[in-house]
2 protein chains.
Amino acid sequence: MDKKNKPLSKNQKIVLDFIQKNKKPVKAYSILSNVKRKGINAPPQVYRALDKLIEIGKIHRVESQNSFVACKVSDCDTPHKTIFSICNSCEIVSEIKDPKLFKQLKDFSDNDGIKFDGYNLEFFGTCKACKNKQPESTQH
Amino acid sequence: MDKKNKPLSKNQKIVLDFIQKNKKPVKAYSILSNVKRKGINAPPQVYRALDKLIEIGKIHRVESQNSFVACKVSDCDTPHKTIFSICNSCEIVSEIKDPKLFKQLKDFSDNDGIKFDGYNLEFFGTCKACKNKQPESTQH
DNA sequence: TCAAATTATGTTATATTATAACACTACACT
DNA sequence: AGTGTAGTGTTATAATATAACATAATTTGA
Ligand SMILES: [Zn+2]
Ligand SMILES: [Zn+2]
Ligand SMILES: [Zn+2]
Ligand SMILES: [Zn+2]
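Residues numbered from 1 in each chain as written. Chains lettered and ligands numbered in written order. Predicted model: local features only at pLDDT ≥ 70, side-chain atom pairs only at ≥ 80, totals over all residues. Heavy atoms only, no water.

Peer 1: Describe in detail the protein's contact with DNA strand C, supporting the description with residues and values.
Peer 2: Neighbouring DNA strand C are 19 residues, the closest being A:Asn41, A:Gln45, A:Arg48, B:Tyr29 and B:Arg61. Protein-adjacent atoms of DNA strand C, using a 4 Å cutoff, are sugar or phosphate at a proportion of 50%. Here A:Lys6 contributes a side-chain N or O atom positioned 3.5 Å from a phosphate oxygen of DNA strand C. When residues of the surface near DNA strand C are traced back to their parent elements, those giving at least two are helix 1 (10-21) and helix 3 (43-55) of chain A together with helix 3 (43-55) of chain B. A class-by-class count of the residues in the surface near DNA strand C yields 6 nonpolar, 6 polar and 7 charged. (Near = heavy atom within 4 Å. Polar contact = N/O pair within 3.5 Å; in protein donor to acceptor, adjacent residues only side chain to side chain. Helix = DSSP H or I, 4+ residues; strand = E, 2+ residues; numbered from the N terminus. Nonpolar A, V, L, I, M, F, W, Y, C, P; charged D, E, K, R; others polar.)

Here's what the structure looks like:
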């Protein structure tokens, strides 16, 4: 896989750098406004960089949020084999690395016996930090 | 679960009816233009109906397509427990009903032992029909 | 080595998807 | 009858994403 080792272009670096600095997923227009001073002026420049970074697996798109997050799994060299947990309360996103679940998804085939090229799985719940903030007694 | 049995409002019926008539997922603005003659005039009317129909599990949102599809699994009375297969070529979407996979997802908990309220899983591949149209010899 | 192909950039305009805000109506419950 | 909740209609606008076109940089390979 040598796409992965190809050096990034200027705009791709700028965009990736900003995404990696953020703990939470970021939105395209938030990226834009934050990198304007680096010479990126318009949405297409951001979206092109995002497309490429997704293609080489450096970042992933969080579909339910229209947001983008850096890959935390070193061997994600392709898009579309992604598992996330998403907190409904603070919207923090964690990429899940679970060999057993990977295998279950990889091996899944539908009724017609068709195997799939990729998948995206998003789990929703309340993260530990948010659970502590809202103890059971205040939940109804 | 008595939300499910509550009669739908006029706009909810119109929107659900249109979605159910379509084999493929439909987009919000396509719904709008197709139900204009039924007295739905503006986006908020469509989106409100969609939100409610999703909430009661009559339809689901296909996150990767920004589209909406009728539920094909009779006991989906909640949102966010959904599994789809999506053809990359014709974009047809099928809701998957697979007890084994349901169980694997239901039982999944992350490293912190946190269980999740819901999930959305989208598989990507090429459907049978599209595979037949493009036999291996023409693929490279 | 140099022409062709591919990849990336910059820019303007526009398309697509979704929500805010406000006034009003229908209906259920007590 | 009064109150709360859900639904409707409408205008305007926000947020997300792409089309289209001109140009520049880079890789490739004959
Ligand atoms: Zn990853
Ligand atoms: Zn949280
Ligand atoms: Zn369903
Ligand atoms: Zn297909």
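Peer 1: Summarise the packing of aromatic side chains; cite the residues concerned and give the values.
Peer 2: Following the criterion strictly, the structure yields 10 aromatic pairs over all chains and no others. Summarising the aromatic geometry, the rings of A:Phe123 and B:Tyr119 are spaced 6.3 Å apart at their centres and angled 70 degrees between planes, so their arrangement reads as edge-to-face. On the criterion of chain membership, the pair formed by A:Phe123 in strand 5 (residues 118-125) and B:Tyr119 in strand 5 (residues 118-125) is interchain, its members lying in two chains. Under the relative-accessibility criterion, A:Phe123 is labelled buried at 1%. Taken together, the ring pairs connect A:Phe108, A:Phe116, A:Tyr119 and B:Phe123 into an aromatic cluster. (Phe/Tyr/Trp six-rings, centres within 6.5 Å; stacked < 30°, edge-to-face > 60°. Buried < 20%, exposed > 50% of the residue type's maximum accessible area, 1.4 Å probe, protein only.)

Peer 1: How would you summarise helix 1 of chain A if you had to cite specific residues and measurements?
Peer 2: All names here are of chain A. In a regular helix each residue adds 1.5 Å, so 12 residues correspond to 16 Å; helix 1 covers 17 Å between its end C-alpha atoms and thus fits that length. Within helix 1 the residues assigned to the buried category are Asn11, Gln12, Ile14, Val15, Leu16, Phe18 and Ile19. Lining the buried residues of helix 1 we find helix 2 (28-35), helix 3, strand 1 (59-62) and strand 2 (67-70). (Expected span 1.5 Å × (residues − 1). Contact = heavy atoms within 4.5 Å.)

Peer 1: Could you give an account of the relation of the copies chain B and chain A, with specific residues and numbers?
Peer 2: Between chain B and chain A, which share one sequence, the superposing operator has a rotation angle of 180 degrees and an axial displacement of 0.0 Å; the RMSD is 0.0 Å. As the rotation angle and translation indicate, the two copies are arranged about a two-fold axis. When C-alpha positions in chain B are compared against the rotation axis, the closest is assigned to B:Leu121, at 2.2 Å. (Least-squares fit on C-alpha atoms with pLDDT ≥ 70 in both.)

Peer 1: Quick rundown of the protein's contact with DNA strand D? Include the residues and the values.
Peer 2: Surveying the vicinity of DNA strand D reveals 19 residues, the closest of which are A:Tyr29, A:Arg61, B:Asn41, B:Gln45 and B:Arg48. Taking all atoms of DNA strand D within 4 Å of the protein, the share assigned to sugar and phosphate is 49%. At 3.0 Å, a backbone N or O of B:Asn11 approaches a phosphate oxygen of DNA strand D. At 3.3 Å, a side-chain N or O of B:Gln12 approaches a phosphate oxygen of DNA strand D. Broken down by secondary-structure element, the contributors of at least two residues to the surface near DNA strand D are helix 3 of chain A together with helix 1 (10-21) and helix 3 of chain B.

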